[in-house]
Amino acid sequence: PWPGKIVNPPKDLKKPRGKKCFFVKFFGTEDHAWIKVEQLKPYHLHKEEMIKINKGKRFQQAVDAVEEFLRKTKGKDQASSHNSNEEKNRRNSSEERGKQSAGEEKRKASLSEGKLKKGTGEGKKRVSSVSSERGSKSPLKRAQDQSPRKRGRPPKDEKDLTIPESSTVKRVMTGTVAGFKWPPSVSEPVKDSDPHFHHFLLSQTEKETGSTSIQAADSTAVNGSITPTDKKIGFLGLGLMGSGIVSNLLKMGHTVTVWNRTAEKCDLFIQEGARLGRTPAEVVSTCDITFACVSDPKAAKDLVLGPSGVLQGIRPGKCYVDMSTVDADTVTELAQVIVSRGGRFLEAPVSGNQQLSNDGMLVILAAGDRGLYEDCSSCFQAMGKTSFFLGEVGNAAKMMLIVNMVQGSFMATIAEGLTLAQVTGQSQQTLLDILNQGQLASIFLDQKCQNILQGNFKPDFYLKYIQKDLRLAIALGDSVNHPTPMAAAANEVYKRAKALDQSDNDMSAVYRAYIH
């Protein structure tokens, strides 16, 4: 679940066909998406449930943004009501003074009537006219008459402050978002209901017409709306990473067919609107672009080359995107067999963890068919914050292994430092506090240290997979005769952790290799 509010879509953005849906802007980000109406539920009723499910820092920031929005709305409603009451009191007071003034004028006119030699009736008419002007016209009316502003047009400084008096608080389920809905003002331009949207369109246009260097990152969902591709999407593998990716593809309006070796894992996504594929070959044959995210080189090869595998569904024009973290030799072999059947191939391993996958904040490293990379644009926007195109097949695999080598080595060093602090009588919490105030401060550092301090090793990135990546990175270094002593040392610590039955725990469980 994720909090958001329903806003007016831009005029040139087409609404998805099918069931009724709303255009939602998500709090804490500037993402947008079309969300089906039946997937909206009240925010307040589901707030506690959402907070229990989502523990991430970005989600908490989004909830804080919701609460701030509600406080401001409530404050402005109260101010509006207070000002209205004050205006009413002033108007009543003015009318009362007007009546008293009129009575006084009439009394004076009556006393002086006998002394006037002419125009008694004329005099009364004049007094009555004065009385009417003073008494019946309120200060508000006079102020409006004196204002040079045209009727019906609010002053510029009021436009952005306008907040509808009533609002319904809702939540979006598919992926899943909590949203605020209010009836949009007919006269209110889209840019006023959502000032971020047009800014994104401008920046996106600038990116598209700018550098197309293979080093340039294609910035995605962090800063804007997503128009889902009309291509049919397939997805194979619903593990820690794949599950979050599929949820975000569905949330952003893509048509997705799923398959998993353990079929029960598909049930949740079928409920969210996905279709079920019976075999990898069936998914590939019925979809335009099929993504896969599996555990290791063997699983990646089996998925493509095995019985009822991907290769059996490939025919000219079919697209296959492998998001698994594997070695360059494996991905090159898979690319060759796919292309030999007339298919198109892209490797796109992802940097991140389960939480980032759920949040749609992965970093995507792609290489291979550049045209296919462009065709995957809306999918990459849905699942990640940034994507990089790195050139020919094999480059993304190499880069991904290097990234994970650094991450795995760093995690082992964190565990080593915490255990050294413990055995020398130093506070582990104080060590974390010091690190969080220094140059090493990061979300990764804080989360993994908290895991260790709390003894919570629920997997966010499996220890067995980071050890696999270290092993492949060391082999990559060997292939070019480049030393990797730090990675080799870290790899030995992870191997010890695996021997202690920590394979299916989070990578932070490497800590246990130091205390046993």
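Residues numbered from 1 in each chain as written. Predicted model: local features only at pLDDT ≥ 70, side-chain atom pairs only at ≥ 80, totals over all residues. Heavy atoms only, no water.

The name recorded for the protein chain in an unreviewed UniProt entry is Cytokine-like nuclear factor N-PAC, from Dromaius novaehollandiae. The UniProt entry for the protein chain carries the following comment under Subcellular location (unreviewed entry): "Chromosome". Entered under Sequence similarities (unreviewed entry) in the UniProt record, the comment concerning the protein chain runs "Belongs to the HIBADH-related family. NP60 subfamily." (UniProt positions renumbered as here; feature names shortened; annotations may be inferred.)

Across its full length, the protein chain carries 22 helices and 16 strands. Considering only contacts within the protein chain whose residues lie at least 6 apart along the sequence, 67% involve residues at least 24 apart. Just so you have it, the protein chain exposes about 27500 Å², and 52% of that area is on carbon and sulfur atoms. (Helix = DSSP H or I, 4+ residues; strand = E, 2+ residues; numbered from the N terminus. Contact = heavy atoms within 4.5 Å. Areas by Shrake-Rupley, 256 points an atom, 1.4 Å probe, with all protein chains shown as cover.)

Attention shifts here to the packing of helix H17 (residues 395–423) against helix H19 (residues 443–454). A pair of packed helices can be characterised by two numbers: the angle between their axes and the separation between those axes. H19 packs onto H17 with a crossing angle of 50° between their chain directions and a minimal axis gap of 11 Å. Classified by the angle their axes make, H17 and H19 are oblique. Handedness of the H17/H19 crossing: right-handed. Of H19, the residues touching H17 (which contributes Gln407, Phe410, Met411, Ile414, Ala415 and Leu418) are Phe444, Leu445, Lys448, Cys449 and Ile452. Class assignment for the residues of the contact of H17 with H19 results in 9 nonpolar, 1 polar and 1 charged. (Axes fitted to C-alpha atoms, helices over the stretch in contact; angles between N-to-C directions. Parallel < 35°, antiparallel > 145°, perpendicular 65-115°, else oblique. Left-handed = near helix turned anticlockwise from the far one by under 90°. Nonpolar A, V, L, I, M, F, W, Y, C, P; charged D, E, K, R; others polar.)

Okay, the packing of aromatic side chains next. Going through the model one piece at a time under the given rule, you end up with 7 aromatic pairs. A ring pair is formed by Tyr373 and Phe380, whose centres lie 5.9 Å apart and whose planes are at 45°; its orientation type is tilted. The exposure class of Phe380 is buried, given its relative accessible area of 1%. Ring plane angle 85° and centroid distance 5.4 Å describe the contact between Tyr462 and Tyr465, whose orientation is recorded as edge-to-face. Taking relative accessible area as the criterion, Tyr462 reaches 22% and is therefore assigned partly exposed. (Phe/Tyr/Trp six-rings, centres within 6.5 Å; stacked < 30°, edge-to-face > 60°. Buried < 20%, exposed > 50% of the residue type's maximum accessible area, 1.4 Å probe, protein only.)

This next bit is on helix H11 (residues 297–305). By the burial criterion, the buried members of H11 are Pro297, Ala300, Leu303 and Val304. Looking straight down H11, one finds that the buried residues subtend no more than 130° of arc, so they occupy a single side. (Arc of directions from axis to C-beta.)

With 51 residues, the main nonpolar core has Phe235, Phe291 and Met323 as its most contacted residues. Listed in part, the 30 residues of the second largest apolar core include Leu401, Ile414, Met507 and Ala509. (Core = buried A, V, L, I, M, F, W, Y, C linked by side-chain atoms within 4.5 Å.)

A few words now on the confidence of the model for the protein chain. Low pLDDT means the predicted coordinates in that region are not meant to be read closely. The predicted model of the protein chain averages 78 in pLDDT, with 68% of residues at 70 or higher. Within the model, pLDDT remains below 50 along residues 111–224, and this stretch shows 173 contacts once partners closer than five positions in the same chain are excluded. (pLDDT = per-residue confidence, 0-100.)

Once that is clear, we can look at the pairing of strand S11 (residues 289–292). Going residue by residue along S11, you find Ile289 and Phe291 tucked away on one face and Thr290 and Ala292 tucked away on the opposite face as well. Sheet topology places strand S8 (residues 233–236) next to S11; 4 bridges connect them, and they run parallel. Its bridge partner lying in S11, Leu236 is registered against Ala292. Where S11 meets strand S12 (residues 319–322), 4 bridges bridge the pair, whose relative direction is parallel. The residue of S12 that forms the bridge with Thr290 is Tyr320. (Pairing = 2+ DSSP bridges.)

Let us now look at the pattern of salt bridges. Oppositely charged side chains can form a pair if their charged atoms are brought close together. Applying the stated criterion across every chain, the model contains 11 salt bridges. Note that Lys298 is salt-bridged to Asp302, the shortest N-O span being 2.8 Å. Here the residue Lys298 and the residue Asp302 both occupy positions in helix H11, the gap between them amounting to 4 residues, near one helical turn. On the basis of relative accessible area, Asp302 is assigned to the partly exposed category, the value being 43%. Where salt bridges share partners, they join Arg344, Asp369 and Asp375 into one cluster. (Salt bridge = Lys/Arg side-chain N within 4 Å of Asp/Glu carboxyl O.)

So, on to unusual backbone geometry. The backbone phi angle of Asn481 is positive, close to 55°, even though this residue is not glycine. Its relative accessible area of 72% is what places Asn481 among the exposed residues. Phi angles above zero are rare outside glycine, and Asp501 is one such case at about 70°. Summarising the element assignment, Asp501 is placed in the loop between helix H21 (485–499) and helix H22 (512–515).

As a further point, take the environment of Pro280. Within the secondary structure, Pro280 sits in helix H10 (residues 280–286). We classify Pro280 as buried; its relative accessible area is 7%. Between the C-alpha atom of Pro280 and that of Gly309, which follows or precedes it by 29 residues, the distance is 5.2 Å. Not counting residues up to four positions away in its chain, the partners in contact with Pro280 are Leu236, Trp259, Leu303, Ser308, Gly309 and Val310.

Moving on: the environment of Ile270. Within the secondary structure layout, Ile270 lies in helix H9 (residues 267–271). Contacts of Ile270, omitting those with residues within four sequence positions, involve Val258, Arg275 and Leu276.

Before going further, it helps to examine the side chain of Thr484. With respect to the helices, strands and loops of the structure, Thr484 is situated in the loop between helix H20 (463–479) and H21. When its relative accessible area of 14% is taken as the criterion, Thr484 is described as buried. With residues near it in sequence (within four places) discarded, Thr484 still touches Met405, Ile474 and Gly477.

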